[in-house]
Each structure stands twice: as C-alpha cells, then as structure tokens.
Amino acid sequence: MIKKLFYFLIPGFLLPVILFGQAKISVKVDVPGKVEAGKEFIVNVVIQKGTLEEFSRFQQEIPAGLTASAVNSGTADFSFDKQRLRFIWLKLPAQEEINISYKVMVDERLKGEFTISGEFSYVENDERKSVELKSGPVIIQP
C-alpha cells in the first residue's frame, strides 16, 4: 500500500519541478531615448538566463548609419558585420544574469527615429529556442 502511494505521489511532486524547473528567459535592452547625430551612445543588455549553460547567441540588427563596437562582452565573442552585431557564447557563464554592453556611433548626417530589433537564441534540452526583442524608440537629432 505504501509502495503504491509512493509511486503515485512522487511523480506528482517531481513533474512540476521537471516542467517548470527552468527559469523563464528574459532580455532587457537599455537604450537612450534621444541621441545627437555625430555622437555615440552605450546600449546595456541584461540577460536573465536561469540555469542555461549551453551555446547561446545575442544578436541585433542596427540601422544603416550606425556602427557598433563592444564595450563589455564578458565571456562572449563579439562581432559586427553588415549592420548585425552578435555576442556568441560556446558555453554560458554559471551566473543567472549576464550583463553585456556595446557602443553605437551615429553618423553625423543621420536623423530620425528607429528601433533596434534582435533576439537571444539558446539551446535547451537539445532544442533551439529564442526570445525576440525590440528596443524602445531612439530619436536622432541633428
């Protein structure tokens, strides 16, 4: 009787832990609301990754007239090519929160409003997943 009860109750306790054990992945991108043409600004990114430790990639598309360079890439490899910036980890660090940042130089002839879109892609249980993201609007003033 106790053995049957054990087999009945244990899966009921373990299943939620297995299904919900991984914390929700979230990404916060902090950009300034206004920027002067010809100046530069810093973009700060906070990734709440929970216990993920596999291969991951953070990438963003930035509009023409802007160029990016790494400020703080942590343990990631940074690249910027064809208006796409990437931070790539072959193995994520152990801490649950990752902070990265990059600098954006604005062309002096540029003006208008834009957003920066992108995604954080990762592997969980041998399955590729991603979190889509979009920054708030950035206004470039002459």
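First, a word on what this report is: a plain description of the structure on this page. This is a predicted model, so every value here is computed, not measured.

## Let's talk about the sheet that holds strand β4 (residues 56-61)
Piece 1. Pairing is antiparallel in the open sheet, where five strands are placed in the order β6-β7-β4-β10-β11. Both outer strands of the open sheet, β6 (77-81) and β11 (127-134), are each paired with one neighbouring strand and no more. This sheet shows a mean twist of 15° between the axes of neighbouring strands, independent of strand direction.
Piece 2. Relative to strand β7 (residues 84-89), β6 runs antiparallel, the two sharing five bridges. Paired with D77 across the strands is I88, a residue of β7.

## As for the packing of aromatic side chains
Two numbers describe a pair of aromatic rings. These are the distance of the centres and the angle of the planes.
Piece 1. For the coordinates displayed, the defined rule picks out five aromatic pairs.
Piece 2. When the ring of F87 is compared with that of Y102, the centres are 6.3 Å apart and the planes differ by 45°; the resulting orientation is tilted. Of this pair, F87 sits in strand β7 while Y102 sits in strand β8 (residues 97-106), and the two are 15 residues apart along the sequence.
Piece 3. The class for F87 is buried, based on a relative accessible area of 0%.
Piece 4. Its relative accessible area of 0% is what places Y102 among the buried residues.
Piece 5. Ring pairs connect the aromatic residues F58, F78, F87 and Y102, which therefore count as one cluster.

## A closer look at the pattern of salt bridges
Piece 1. For the coordinates displayed, the defined rule picks out seven salt bridges.
Piece 2. Here R84 and E61 are joined by a salt bridge, their closest N and O atoms 2.5 Å apart. On the criterion of sequence distance, the pair formed by R84 in strand β7 and E61 in strand β4 is long-range, its members being 23 residues apart.
Piece 3. In the salt-bridge network here, residues are joined through shared partners; they are R57, E119 and R128.

## Concerning the environment of V29
Piece 1. With respect to the secondary-structure elements, V29 resides in strand β1 (residues 26-30).
Piece 2. Between the C-alpha atom of V29 and that of V45, which follows or precedes it by 16 residues, the distance is 4.6 Å.
Piece 3. Every residue in contact with V29, bar those within four places of it in the chain, is listed here: V43, N44, V45, F58, Q60, L133 and S135.

## Describing the sheet that holds strand β5 (residues 66-72)
Sheets are built from strands paired through backbone hydrogen bonds, the pairs being either parallel or antiparallel.
Piece 1. Ordered by their spatial adjacency, four strands build an open sheet running β1-β3-β8-β5, and the pairing between neighbours is antiparallel. Since the sheet does not close on itself, it has two edges, and those belong to β1 and β5, each with one partner. Across the sheet, the mean angle separating the axes of adjacent strands is 25° when strand polarity is ignored.
Piece 2. Of the strand pairs in this sheet, β5 and β8 are connected by six bridges, and their pairing is antiparallel. If you follow A68 over to β8, its bridge partner there is V104.

## Some thoughts on the side chain of Q60
Piece 1. As for its placement among the helices and strands, Q60 is situated in strand β4.
Piece 2. Judged by relative accessible area, which is 1%, Q60 ranks as buried.
Piece 3. Reaching out from Q60, the side chain makes a polar contact with the side chain of Y102 at a distance of 2.4 Å.
Piece 4. Not counting residues within four places of it along the chain, the set of residues in contact with Q60 comprises V29, Q83, R84, L85, Y102, I116, S117, G118 and L133.

What counts and what doesn't
- Position numbers for residues count from 1 along each chain, tracking the sequence in the order it is written.
- Per-residue local features of the predicted model are confined to residues with pLDDT of at least 70, and side-chain atom pairs are confined, for both listing and counting, to 80 or more; whole-chain, interface and lining totals are unaffected and use all residues.
- The basis for the side-chain values is all heavy atoms of the structure; hydrogens and waters are excluded.
- Between any two strands, pairing holds if DSSP finds at least two bridges.
- The helix count covers DSSP runs of H or I at least four residues long, the strand count covers runs of E at least two residues long, and both are numbered beginning at the N terminus.
- To get an axis, fit a line to the C-alpha atoms, keeping to the stretch in contact for a helix; angles then go from 0 to 180 degrees between the N-to-C directions.
- Each Phe, Tyr or Trp ring (for Trp, its six-membered ring) is paired with any other whose centre lies within 6.5 Å, and the angle between the two planes then decides the class: stacked below 30 degrees, edge-to-face above 60, tilted in between.
- Accessible area is worked out with a 1.4 Å probe on protein chains only. A residue is then buried under 20% of its type maximum, exposed over 50%, and partly exposed in between.
- When a carboxyl oxygen of Asp or Glu lies within 4 Å of a side-chain nitrogen of Lys or Arg, that pair is called a salt bridge.
- It only takes one pair of heavy atoms within 4.5 Å for two residues to be counted as in contact.
- Counted as a polar contact is a pair of N or O atoms within 3.5 Å, where, for protein atoms, one must be capable of donating a hydrogen and the other of accepting one, and residues adjacent in sequence contribute only when both atoms are in side chains.

The analysis is restricted to geometry; functional conclusions fall outside its scope.
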